[in-house]
Amino acid sequence: MAEISEALDDQRDVLLEGAPGTGKTLSALVPALEYARRTDKTVVITTNVHQQMRQFIEDARAIVEEEPLRAVVFKGKSSMCHIDVDYQECQTLRDTTRDLVETEREREELRRQADALLDRIREGEEGAGEARSAVTDELDEVETELEELREGNVCEHYYNNLVEDTDAFFEWLFADVRTPEDIYAYADERKLCGYELLKEGMEAVDLVVCNYHHLLDPTIREQFFRWLGRDPEDVVTVFDEAHNIESVARDHATRTLTENTLESALAELEDADDSRVDPAENVLSAFLRALRETCNDALGFGEREQVGEEWYDLSIANSGRRDDLTLAFLDRYEGRGIDSEVDLALQLGKVLDQEYEDAYRNGSATTRAESQTLQAAEFVASWMADGGKLGQHPLCAVRRDAGSEEVYGRAELYTCIPRKVTEDLFAEVDASILMSATLRPFDVIEDVLGLDEPVTMAYGLEYPEERRRTLAVEAPALFSSDRDDPDTQATITDVLADAVRFTPGNCLLFFPSYAEAERYHDRLRDRADVDARLLRDGSDEDTESLRRSFVAADDAVLCTSLWGTLAEGVSFDDGAARTVAVVGVPYPRLSERLEAIQDAYDRAYDDREDAGWRYAVEIPTIRKTRQALGRVIRSPEDYGVRLLVDRRYTRESVEMGKYGVRGSFPREERAELVDVAPGKLKFSMLNFYADLDAYDGAPPQP
């Protein structure tokens, strides 16, 4: 806390790595709040993990019990809207409702003026009659305007916000730390809009708890700071699970355009009466034809029949020249110039969008439409301007429509290097604290996110070392090409069966994929020596329900993927899981996206050996592995065994070149790794758990 406080005084960013369950949140939050109080700042703490959001709220409530603190928990409009409209409709409803209330207030003021002038007429005041006549004329105009506004679309909940006394809401809001669900229920009962009331109450608060996208989306961030009543330099940000910032920022920066949107844009233009229609149609129809042809050409023989309802990536990038879609677009386009016609399409799209806004405001439309021409033109402009830049990777994808069964395409400008999103954020706010159990190596996170000489600090698992054992099992390397080998499968199954048999409690097993989790779940189920409740997670499973069943048991085995939702941000405290195993080195599936990220990092950091492999593959995989190991040992009293089942984790892995990963772990974690042969694992586990008197009755026999 003292080091963080000192860094904040110097307006420096902080990278904090601390072992799971050791209090990182309070270690960052307390000095940040103290600094903000001294310097009149607001602290924004954010995560992309639901359980961590709940933990933030609990921590904030604990602080409120000791210190006066104005804190709000903010979620997106979609989760708090009482009438279920989208963001654009909500914006229009707010404007029309506010216009209605302001006009009603204007009418009441004119009525008061007319009444006062009537009294002056009765008193015989000269000119009062003429003045009252002018006021009543204006009142008639306002009454007509009110009738028109009432025929338009308004929001009853927001109307009540504006006309009723809402002081009681804010007294209730700041009496504790309220969740968005609390606010929704309070407002719904009173026919108020809790989302808009919360936005009003955010000014001059000490602490805001929110999701990543409120900070990582540049447009939302600008509005968010405005709701706070703060300039960026008056904000201190705290990011939890900060190793996830890279992937979330990448998603926010990526742009897409489907055939359907282009078709809708062209249909929209057919109904428009404007001189810019022809050039807009010309350029957008050429892009649509190019997209269709590019997707068709990229699909191999029989591949179209295999396309399902999920997006299926198609390779269109070329080495040393523009992508196939751009080349097809340039070949199909005939006109006065792409840039000039796209610009005219943008102009027309903005005009059409304003017309939709006006129609919704005056009630001639029941929903707030958005201009598809504007969306399509914005994407085409970005595609042509940015598609060849470093860190931007052009892609196409196809999917099958669930209703029509037709296959249609999508163009995507995939952002490989998220620094363009994050660097501006960290430069404009006062200071930021990025914390995680797996941030190291710090130099990589600095490069990837664009941090400027941050203060770095790390501490390991300070709980008693004798209450944990971390074993690297010398099992066969589970390369993807060897996963079907019968001997490899038999050895790993034996290891896992021993782990289950010699664990006095639950076992949590992580695999490189859900398919591997299913494979070893089924193999363990067939073992006569495994007497435990076997649970299997999958992409189509209710993971939260599985987690609850697992935690409630005392002899369960849960098989899941390391890339699922249980590998981080979920605690298995004090006996919920005694043994955790990571089976294999769970590198992500090699895809064109991953290869594009590797290539972008290689080019961006060409002075660093294997930058692409390390930044894009190895380091994220080791971070995931370390996160999974951190699901157990969550308190000083807790105990358990952590297994790394693959010889690439052992000392002999130094002979395997870049595929050996032991050296990628922090030094103090490597020091705890004990190599063990597969056949000796049961003895190591027996000795450890027996020494802690963990078995209920006689221990199992090797």
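Rules of the game
Residues numbered from 1 in each chain as written. Predicted model: local features only at pLDDT ≥ 70, side-chain atom pairs only at ≥ 80, totals over all residues. Heavy atoms only, no water. Helix = DSSP H or I, 4+ residues; strand = E, 2+ residues; numbered from the N terminus. Buried < 20%, exposed > 50% of the residue type's maximum accessible area, 1.4 Å probe, protein only. Polar contact = N/O pair within 3.5 Å; in protein donor to acceptor, adjacent residues only side chain to side chain. Contact = heavy atoms within 4.5 Å. Salt bridge = Lys/Arg side-chain N within 4 Å of Asp/Glu carboxyl O. 1 Å grid on protein atoms, 1.4 Å probe; cavity = no way out; pocket = protein on both sides within 12 Å on 5 of 7 lines; lining within 4 Å. Points joined across faces, edges and corners; volume = space filled by probe spheres on them. Nonpolar A, V, L, I, M, F, W, Y, C, P; charged D, E, K, R; others polar. Domains from an automatic or database assignment. UniProt positions renumbered as here; feature names shortened; annotations may be inferred.

The name given to the chain in an unreviewed UniProt entry is ATP-dependent DNA helicase, with the source organism recorded as Halobellus ruber.

Caption draft 1: Just the side chain of Asp 447, in detail. Position of Asp 447 relative to the elements: it lies in helix H19 (residues 442–449). Residue classification places Asp 447 among the buried residues on the basis of a relative accessible area of 12%. For Asp 447, the side chain forms a polar contact with the side chain of Tyr 615, separated by 2.9 Å. Those residues within four positions of Asp 447 in sequence are excluded, and the remaining contacts are Arg 419, Tyr 605, Arg 608 and Tyr 615.

Caption draft 2: Here's a closer look at the pattern of salt bridges. This structure, assessed with the given rule, holds 62 salt bridges. A salt bridge links Asp 353 to Arg 368; the shortest N-O distance between them is 3.2 Å. Of the two residues, Asp 353 is situated in helix H16 (residues 338–361) and Arg 368 in the loop between H16 and helix H17 (372–386); the sequence distance between them amounts to 15 residues. Residue class for Asp 353 comes out buried when judged on its relative accessible area of 17%. Given the relative accessible area of 6%, Arg 368 is considered buried.

Caption draft 3: Quick peek at the layout of surface pockets. Considering only enclosed or pocket space, the largest pocket measures out at about 1,500 Å³ in volume. Asn 244, Ser 247, Asp 251, Trp 563 and Lys 624 are the residues nearest the centre of the largest pocket, which is lined by 37 residues in total. Elements represented by at least two residues in the lining of the largest pocket include exactly helix H3 (50–66), helix H12 (245–253), helix H22 (543–552), helix H23 (592–604) and helix H24 (611–629). For the lining of the largest pocket, the class distribution of residues is 13 nonpolar, eleven polar and 13 charged. Each of two domains, domain 1 (1–80 + 167–253) and domain 4 (465–692), supplies a minimum of three residues to the lining of the largest pocket. Space inside the second largest pocket adds up to approximately 1,000 Å³. For the second largest pocket, the lining is made up of 32 residues, of which Asp 217, Thr 219, Ile 220, Glu 370 and Glu 378 are closest to its centre. When residues of the lining of the second largest pocket are assigned to their parent elements, the largest contribution, six residues, is made by H17. Residues that form the lining of the second largest pocket fall into these classes: ten nonpolar, twelve polar and ten charged. In this structure, the lining of the second largest pocket is formed jointly by two domains, domain 1 (1–80 + 167–253) and domain 3 (255–416), each of which donates at least three residues.

Caption draft 4: Representation of the UniProt feature "coiled-coil region" (unreviewed entry) in the chain within the structure. Per the UniProt record, "coiled-coil region" (unreviewed entry) is annotated on residues 93–152. Split by type, residues 93–152 is 90% helix and 0% strand. Its first and last C-alpha atoms lie 9 Å apart.

Caption draft 5: Layout of empty space enclosed by the protein. Tallied over the full model, the rule gives two cavities of 30 Å³ or more. As a volume, the largest cavity reaches approximately 120 Å³. Together, 14 residues line the largest cavity, and Cys 81, Ile 83, Cys 90, Cys 155 and Cys 193 are the ones closest to its centre. At three residues, helix H4 (residues 87–122) tops the list of elements feeding residues into the lining of the largest cavity.

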